[in-house]
Amino acid sequence: MKDLADDTYHALWPVGPIGKPTELQLAVPILAFNFTKYPNAAKAFIAFMLEKEQYDNWLTGARGYLTQTLNAYETSPVWTADPKNAPFAQASKRALPASGIGTPGEKAATAIADFIVVDMFANYCTGAKDAKGAIAEAERQLKRIYR
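Here the structure is a predicted model, which is why all the values come from computation and not from measurement. (Residues numbered from 1 in each chain as written. Predicted model: local features only at pLDDT ≥ 70, side-chain atom pairs only at ≥ 80, totals over all residues. Heavy atoms only, no water.)

1. Overview of the overall build of the chain
Here comes step 1: Helix and strand counts for the chain stand at eight helices and zero strands.
Here comes step 2: Its helices and strands taken in sequence order, the chain reads α-α-α-α-α-α-α-α from the N to the C terminus.
Here comes step 3: Whereas a compact globule of 147 residues would reach a radius of gyration of roughly 15 Å, the chain reaches 19 Å, over 25% beyond that.
Here comes step 4: Across its three principal directions, the C-alpha atoms of the chain cover 50 × 50 × 35 Å.
Here comes step 5: The 147 residues of the chain split such that 21% are buried.
Here comes step 6: Taking the intrachain contacts of the chain between residues at least 6 apart in sequence as the baseline, contacts between residues at least 24 apart amount to 44%. (Helix = DSSP H or I, 4+ residues; strand = E, 2+ residues; numbered from the N terminus. Rg over C-alpha atoms; globule rule 2.2 N^0.38 Å. Buried < 20%, exposed > 50% of the residue type's maximum accessible area, 1.4 Å probe, protein only. Contact = heavy atoms within 4.5 Å.)

This is the structure in structure tokens:
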């Protein structure tokens, strides 16, 4: 697969009719639970790990697989070390939260975890349902979650 990998590049998603990007990016949170025995140590560790010197090592080690979430990291060397990484330098500025245009929270997380949109497309693409049926099924599931 090396030939395929060498010939494959990445590009920004096109901006559609709403006039702004609507991308979903992989962002891995770093956090401390509120029940930790040492909250100040946890907060200090997080602050340390998010300093540019440490975080750049994470980004480089992940070869750009992580979405940087602070403006300071959009100039990280990982985005220019391989031209294939360049589009991801702006990922956090272009991305919507996982809830899309909705409010992040438990209901949005449930909709994502249940693969409702993915299943809607799969139902249509595999011929299990026509377009209207696939949309109706997804709508029914979402109404159950968002009641």
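2. Quick look at the layout of surface pockets
Here comes step 1: Estimated volume of the largest pocket: approximately 320 Å³.
Here comes step 2: Lining the largest pocket are Ala98, Ser99, Ala108, Ala111, Ile112, Phe115, Ile116, Val117, Val118, Phe121, Leu142 and Tyr146.
Here comes step 3: Of all the secondary structure elements, the ones that give two or more residues to the lining of the largest pocket are helix H6 (106–113) and helix H7 (116–125).
Here comes step 4: Of the residues forming the lining of the largest pocket, the biggest block, four residues, is contributed by H7.
Here comes step 5: Its residues placed into classes, the lining of the largest pocket shows 11 nonpolar, one polar and no charged. (1 Å grid on protein atoms, 1.4 Å probe; cavity = no way out; pocket = protein on both sides within 12 Å on 5 of 7 lines; lining within 4 Å. Points joined across faces, edges and corners; volume = space filled by probe spheres on them. Nonpolar A, V, L, I, M, F, W, Y, C, P; charged D, E, K, R; others polar.)

3. What about a nonpolar patch on the surface?
Here comes step 1: On the surface, Leu26, Val28 and Tyr65 cluster together into a nonpolar patch covering about 330 Å² of accessible area.
Here comes step 2: Tracing the chain through its elements places Leu26 in the loop between helix H1 (2–7) and helix H2 (39–49).
Here comes step 3: Owing to a relative accessible area of 38%, Leu26 belongs among the partly exposed residues under this scheme. (Patch = residues over 30% accessible without salt bridge, like charges linked within 9 Å, V, L, I, M, F, W, Y side chains within 5 Å. Areas by Shrake-Rupley, 256 points an atom, 1.4 Å probe, with all protein chains shown as cover. Salt bridge = Lys/Arg side-chain N within 4 Å of Asp/Glu carboxyl O.)

4. With respect to the confidence of the model for the chain
Here comes step 1: On average, residues of the chain carry a pLDDT of 88, and 100% of them reach 70 or more.
Here comes step 2: In the model of the chain, helix H5 (residues 91–94) stands out as the element of lowest mean pLDDT, 82, in contrast to helix H8 (residues 131–145), which has the highest, 97. (pLDDT = per-residue confidence, 0-100.)

5. Description of the nonpolar core
Inside soluble globular proteins, nonpolar side chains tend to come together where they are buried.
Here comes step 1: The biggest cluster of nonpolar side chains holds seven residues, and these are Tyr55, Leu59, Leu66, Tyr73, Val78, Trp79 and Ala89.
Here comes step 2: Breaking this core down by element, the ones donating at least two residues are helix H3 (52–61) and helix H4 (78–81).
Here comes step 3: Apart from residues lying up to four places away in sequence, Tyr55 is in contact with Met49, Leu50, Thr67, Gln68 and Tyr73.
Here comes step 4: By size, the runner-up hydrophobic cluster in this structure holds six residues, among which are Ala111, Met120, Ala134 and Ala138. (Core = buried A, V, L, I, M, F, W, Y, C linked by side-chain atoms within 4.5 Å.)

6. Points about the packing of H7 against H8
Here comes step 1: Between H7 and H8, the least distance of the axes is 8 Å, while the angle of their chain directions is 160°. Put simply, H7 runs roughly antiparallel to H8. Note that H7 runs across H8; the crossing there is right-handed. Contacts between H7 and H8 involve Ile116, Met120, Asn123 and Tyr124 on the former and, on the latter, Ala131, Ala134, Ile135, Ala138, Gln141, Leu142 and Ile145.
Here comes step 2: Per-class residue counts for the contact of H7 with H8 are nine nonpolar, two polar and no charged. (Axes fitted to C-alpha atoms, helices over the stretch in contact; angles between N-to-C directions. Parallel < 35°, antiparallel > 145°, perpendicular 65-115°, else oblique. Left-handed = near helix turned anticlockwise from the far one by under 90°.)

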